[in-house]
There are 2 protein chains.
Amino acid sequence: MTIGGQFPMHQKQVFCSSKCQIFYSDDPFMVSRASMQYLFDEHGNQFLDCISNVQHVGHCHPKVVEAISKQLATSTCNVRFVSTQLTELSEANDLALRLGRDYTKHKDAIVIEHAYHGHVTTTMELSPYKFDHGSSVSQPDWVHVAPCPDVFRGKHRLEDNELTDEEKLYAAGKQYSDDVKSILDDVESKKRGVAAYFAEALQSCGGQVIPPKDYFKDVATHVRNHGGLMIIDEVQTGFGRIGRKYWAHQLYDDGFVPDIVTMGKPMGNGFPVSAVATRKEIADALGGEVGYFNTYGGNPVACAAVISVMKVVKEENLLEHSQAMGEKLEVALRDLQKKHECIGDIRGVGLFWGIDLVKDRKTREPDQKLAIATILALRKSFGILLNADGPYTNILKIKPPLCFNSDNILETVTAVDQVLTLMNR
Amino acid sequence: MTIGGQFPMHQKQVFCSSKCQIFYSDDPFMVSRASMQYLFDEHGNQFLDCISNVQHVGHCHPKVVEAISKQLATSTCNVRFVSTQLTELSEANDLALRLGRDYTKHKDAIVIEHAYHGHVTTTMELSPYKFDHGSSVSQPDWVHVAPCPDVFRGKHRLEDNELTDEEKLYAAGKQYSDDVKSILDDVESKKRGVAAYFAEALQSCGGQVIPPKDYFKDVATHVRNHGGLMIIDEVQTGFGRIGRKYWAHQLYDDGFVPDIVTMGKPMGNGFPVSAVATRKEIADALGGEVGYFNTYGGNPVACAAVISVMKVVKEENLLEHSQAMGEKLEVALRDLQKKHECIGDIRGVGLFWGIDLVKDRKTREPDQKLAIATILALRKSFGILLNADGPYTNILKIKPPLCFNSDNILETVTAVDQVLTLMNR
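Because the structure is predicted, anything quoted here is derived from the model rather than measured.

Caption draft 1: Representation of the overall build of chain A in the model. For chain A, the count of helices and strands is eleven helices and 16 strands. Buried residues in chain A amount to 66% of all 425 residues.

Quick look at the structure:
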């Protein structure tokens, strides 16, 4: 990058900091080209992509490329002439917290164990995924961490007993929401106030977790009783990823409505864009005397990207497709679980799934080593890119672009089957 | 925006928060199309744009559009496969602060009066432009504010005395850098430590301020003596805006080299992108155990945008052009100042200029009302878009795309002349 002028500090080389995270760090994957659910390496080899939830409707989807290119050639400029509330990435969560604070006049926030809400300083302070794992950003006194509503490995689990599965899920929902209530009472007793409860609709990096029934609904009652707002991060889960519903917080049809929703990644299909949606009275409470301004806020190219993504989701019936693929994945993964002792749990909906690998089904001890060996073998021998995540890096995550089809599912599940069989697990 | 699916919270309408800043708020300007230094309103009327420093080499410059569109159709995806340190917008300043803190193990920062470094929570905490003007974000204990090195309206001014102009500028540089030294001594006496001195190379929103001679060089000596780093924000001033030099901090050829440089806006010509440049040992100190990750970091579309902007700057000799236009502007504005008592000061370099409007040349009292009336008249009667800024909103800012030419200068200066004459000032 020395074209046209020198970079500052007389540096001749551009280096990558040792602290930049890359996948496959021992043998980085170089993307030369991408198309729908496929990536091509520098030699032109095709790989099936089970990772890229950002390129929501398919890498370089022609309709999205056309819409963005057309707008790029027309105007890129908002220059404060027209402005919506579009913002970028973790800035959406930063702005949501400010909205919550300015509206409630409280300062504190409740987040979920293992949560990740973005990489700027304030959102890292909201992210136990970062501050519990050796980051130089530490947990501030205004952040309170609630147990992760994970019924497989969390504090309250679905155990073998006389209850039906449905009854167990309601019971766990109550237990986890009561934990949030205890935090609220505790915060109030210290003469502090909670501005917002902040959670992903389905926890993603934190382990592909689907909260039990009535959890959000009951948490909302407690939080609102204490004057706080419900902020739901749909950055990874919105725009039809979960099938049937446009937003993951609508999963249970229980009438739960958040006060603020943040969204990002998939909405631009790779174009940097995010947004905060809220009620007018909350938006109007922002910022005291000074207004809100963001150089790229309302950028018409970003808007063109978002509108084209939403059109493609509709025109290609991607909600129905995602729902149908989720049902196929569930059947295939249940069969896989029967065959392999190392699969402790499978959980998911639509095109958002986790395969929880364990050393022992009874103790549920996570098997990170197996997960990492599996993703390396999938890349090397099968041309499949899949990621391992979760607090113990033992969960195989499947969240591909929504054009992922039945053949891709068969190919992926068969490959995982063969890898686990070869590893004798 | 109801295409393809419902937005959350059952909202049928998209509204703009009353807290969103827009120009010409009583009669918003709707951009239908943009090309090089011109904007077109919804009726197709052409306006000369003196505002858009983001669209650095010209709105929708065909080479930049082509490069971005081509990359959009090839791959948008970094997915951590390849990664550089590209980040977005005010996230660059947030990351720079984290780098400074992690490297020095200090927490505090020194910023300049009226400074603006971005709109996320942490960068607002670094911005007196926000926290001194009624924002709900207030000045934290770790932020210390140094006087703005403005020799026209600041604490130490160039007054009429026996010294030469050059001698006055060196004297003011020493006075302002000594002010920073006092803050450093004071912070140290309180057993705190300064991680970084944080300043724009030329203060932009804060009033188009050009610091006096040796100011940064002397500040750097003091800051480094106290174990801190020099972070220079080139977001508004880099990539040849100031003519002759690629970066504004190189203006005085005094050998000053920052430890960290942040850049944004112009580098993508409207595509959202920014970057942090630093030395390897500082980058490697980031973040403790966890790495750095950003969804759009190293986004190849952003890289294509930046590379094409740098190519255009080189191929079209925009440094030389900006330098030449700056010299023409200086001559024309000096003439204008002789004619109009209300012009207290003109200052600038390259295509970065300020016209400081005053009620009285002796007292230098800022004339906000005149500045606002002027920009409205320029739009209405001359088709020229120009902005007023600075802590008292009395400074006419000229920082157009770099393709701004001699005819545009003549047109703009003539129009300002006529408006001020009509207003009898």
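Caption draft 2: Summary view of the sheet that holds strand S2 (residues 38–40) of chain B. Residue and element names in this part refer to chain B. One open sheet holds the four strands; their spatial order is S1-S2-S3-S14, and the pairing between them is mixed. Edge positions in the open sheet fall to strand S1 (33–35) and strand S14 (384–385), since each of these has one partner strand only. Pairing analysis gives three bridges linking S1 to S2, with the strands arranged antiparallel. For Ser35, the partnering residue across the bridge sits in S2 and is Tyr38.

Caption draft 3: Region of the structure containing the packing of helix H9 (residues 318–339) of chain B against helix H11 (residues 406–422) of chain B. Residues and elements named next belong to chain B. Contact geometry of H9 with H11 gives a least axis separation of 10 Å together with a crossing angle of 15°. Here H9 lies roughly parallel to H11, going by the angle between them. The two elements H9 and H11 cross, and the hand of that crossing is right-handed. Counted together, Met325, Lys328, Leu329, Ala332, Leu333, Leu336 and Lys339 of H9 and Ser406, Ile409, Val413, Val416 and Asp417 of H11 form the full contact between these two elements. When its residues are assigned to classes, the contact of H9 with H11 shows eight nonpolar, one polar and three charged.

Caption draft 4: Representation of helix H10 (residues 368–382) of chain A in the model. With 15 residues, H10 of chain A extends 20 Å between its outermost C-alpha atoms, agreeing within 8% with the 21 Å of an ideal straight helix rising 1.5 Å per residue. Along H10 of chain A, the residues that are buried comprise Leu370, Ala371, Thr374, Ile375, Ala377, Leu378 and Arg379 of chain A.

Caption draft 5: View of the sheet that holds strand S14 (residues 384–385) of chain A. All names here are of chain A. In spatial order, the strands read S1-S2-S3-S14; together these four strands make up an open sheet with mixed pairing. The two strands at the open ends of the sheet, each matched to only one other strand, are strand S1 (33–35) and S14. The pairing of strand S3 (residues 46–49) with S14 spans two bridges and is classified as parallel. Bridge assignment links Asp49 to a residue of S14, and that residue is Leu385.

Caption draft 6: Unusual backbone geometry, seen in detail. The phi angle at Arg244 of chain A is positive, at roughly 30°, despite the residue not being glycine. Counting through the fold element by element, Arg244 of chain A comes out in the loop between strand S8 (229–233) and strand S9 (260–263).

Caption draft 7: Representation of the pattern of salt bridges within the structure. One pass over the structure, following the stated rule, counts 46 salt bridges over all chains. Here Asp179 of chain A ties to Lys155 of chain A by a salt bridge, and the two come within 3.1 Å at their closest N and O atoms. Of the two residues, Asp179 of chain A is situated in helix H5 (residues 165–189) and Lys155 of chain A in the loop between strand S6 (143–146) and H5; the sequence distance between them amounts to 24 residues. Residue Lys155 of chain A is classed as exposed on the basis of its relative accessible area, which comes to 54%. For Lys181 of chain B, the salt bridge is made with Asp185 of chain B, and the minimal N-O distance between the two is 3.4 Å. Here Lys181 of chain B and its partner Asp185 of chain B are both found in helix H5 (residues 165–189), four residues apart, which amounts to about one turn of the helix. A residue is classified by how much of its surface remains accessible, and Lys181 of chain B, at 33% relative accessible area, is partly exposed.

Caption draft 8: View of the pairing of strand S7 (residues 194–200) of chain A. All names here are of chain A. S7 sits mainly inside the fold: seven of its seven residues count as buried. Bridge count for strand S5 (residues 108–112) against S7 is four bridges, and the pairing is parallel. Opposite Asp108, over in S7, you have Val194 as the bridge partner. Pairing of S7 with S8, which is carried by five bridges, proceeds in the parallel orientation. Looking at the pairing, Glu200 lines up with Asp233 of S8. For the crossover that starts at S7, traverses helix H6 (residues 215–225) and ends in the parallel S8, the hand is right-handed.

Caption draft 9: Quick peek at the packing of aromatic side chains. For the structure shown, the criterion picks out 14 aromatic pairs over all chains. Seen from their ring centres, Tyr197 of chain A and Phe216 of chain A are 6.4 Å apart, and the 75° between their planes marks the pair as edge-to-face. Note that Tyr197 of chain A is positioned in strand S7 and Phe216 of chain A in helix H6, a separation of 19 residues in sequence. As far as the burial class goes, Tyr197 of chain A and Phe216 of chain A line up, both buried. The ring of Phe40 of chain A is capped by Arg33 of chain A, whose NZ or CZ atom sits 4.1 Å from the centre of that ring. Cation over ring: Arg101 of chain B sits above Trp142 of chain B, and NZ or CZ is 4.3 Å from the ring centre.

Caption draft 10: Focus on the confidence of the model for chain A. Residues and elements named next belong to chain A. For chain A, the mean per-residue pLDDT works out to 84, and 86% of the residues sit at or above 70. Element-level mean pLDDT values for chain A span from 41 in strand S4 (residues 86–87) up to 97 in H6. Of the regions scoring below 50 in pLDDT, residues 1–17 engages in 42 contacts with residues more than four places distant in sequence or in other chains. Counting interchain partners and residues more than four positions distant, the pLDDT-below-50 stretch residues 79–88 has 56 contacts.

Caption draft 11: View of the environment of Val306 of chain A. All names here are of chain A. Structurally, Val306 can be placed in helix H8 (residues 300–315). In this structure, the C-alpha to C-alpha distance between Val306 and Pro266, residues 40 residues apart in sequence, is 8.7 Å. In contact with Val306, not counting residues within four places along its chain, are Met267 and Val273.

Caption draft 12: Inspection of the side chain of Asp94 of chain B at higher detail. Inspection of the secondary structure assignment puts Asp94 of chain B in helix H2 (residues 90–104). The charged side chain of Asp94 of chain B is buried without a salt bridge, its nearest counter-charge being Arg98 of chain B at 4.8 Å. With residues up to four places along the chain from it excluded, the contact list for Asp94 of chain B reads His119, Val120 and Thr121 of chain A together with Val120, Thr122 and Thr123 of chain B.

Caption draft 13: Layout of the environment of Lys380 of chain A. Its location among the elements puts Lys380 of chain A in helix H10. Considered as a pair, Lys380 of chain A and Phe47 of chain A are 333 residues apart in the sequence and their alpha carbons are 9.8 Å apart.

Caption draft 14: The packing of helix H1 (residues 62–72) of chain A against helix H1 (residues 62–72) of chain B, seen in detail. Contact geometry of H1 of chain A with H1 of chain B gives a least axis separation of 10 Å together with a crossing angle of 170°. The angle between H1 of chain A and H1 of chain B places the two elements in the roughly antiparallel class. Of H1 of chain B, the residues touching H1 of chain A (which contributes Val65, Ile68, Ser69 and Leu72 of chain A) are Val65, Ile68, Ser69 and Leu72 of chain B. When grouped by side-chain class, the residues that make up the contact of H1 of chain A with H1 of chain B number six nonpolar, two polar and no charged.

Caption draft 15: Examining the side chain of Glu125 of chain B more closely. Structurally, the position occupied by Glu125 of chain B is in helix H3 (residues 121–125). Buried and unpaired, Glu125 of chain B has Arg101 of chain A as its nearest opposite-charge partner, separated by 6.2 Å. With near-sequence residues (within four places) excluded, Glu125 of chain B lies in contact with Phe131, Val137, Ser138, Pro140, Trp142 and Val143 of chain B.

Caption draft 16: Structural context of the environment of Gly326 of chain B. Residues and elements named next belong to chain B. Here Gly326 shows up in helix H9. With a relative accessible area of 4%, Gly326 lands in the buried category. With 26 residues separating them along the chain, Gly326 and Phe352 place their C-alpha atoms 7.8 Å apart. Once residues lying within four places of it in the same chain are set aside, the contact partners of Gly326 are Gly350 and Trp353.

Rules behind the numbers
Residues numbered from 1 in each chain as written. Chains lettered and ligands numbered in written order. Predicted model: local features only at pLDDT ≥ 70, side-chain atom pairs only at ≥ 80, totals over all residues. Heavy atoms only, no water. Helix = DSSP H or I, 4+ residues; strand = E, 2+ residues; numbered from the N terminus. Buried < 20%, exposed > 50% of the residue type's maximum accessible area, 1.4 Å probe, protein only. Pairing = 2+ DSSP bridges. Axes fitted to C-alpha atoms, helices over the stretch in contact; angles between N-to-C directions. Parallel < 35°, antiparallel > 145°, perpendicular 65-115°, else oblique. Left-handed = near helix turned anticlockwise from the far one by under 90°. Contact = heavy atoms within 4.5 Å. Nonpolar A, V, L, I, M, F, W, Y, C, P; charged D, E, K, R; others polar. Expected span 1.5 Å × (residues − 1). Salt bridge = Lys/Arg side-chain N within 4 Å of Asp/Glu carboxyl O. Right-handed = clockwise from strand over helix to strand, strands pointing away. Phe/Tyr/Trp six-rings, centres within 6.5 Å; stacked < 30°, edge-to-face > 60°. Lys NZ or Arg CZ within 6 Å of the ring centre and 35° of its normal. pLDDT = per-residue confidence, 0-100. Lys, Arg positive; Asp, Glu negative; His and termini not counted.

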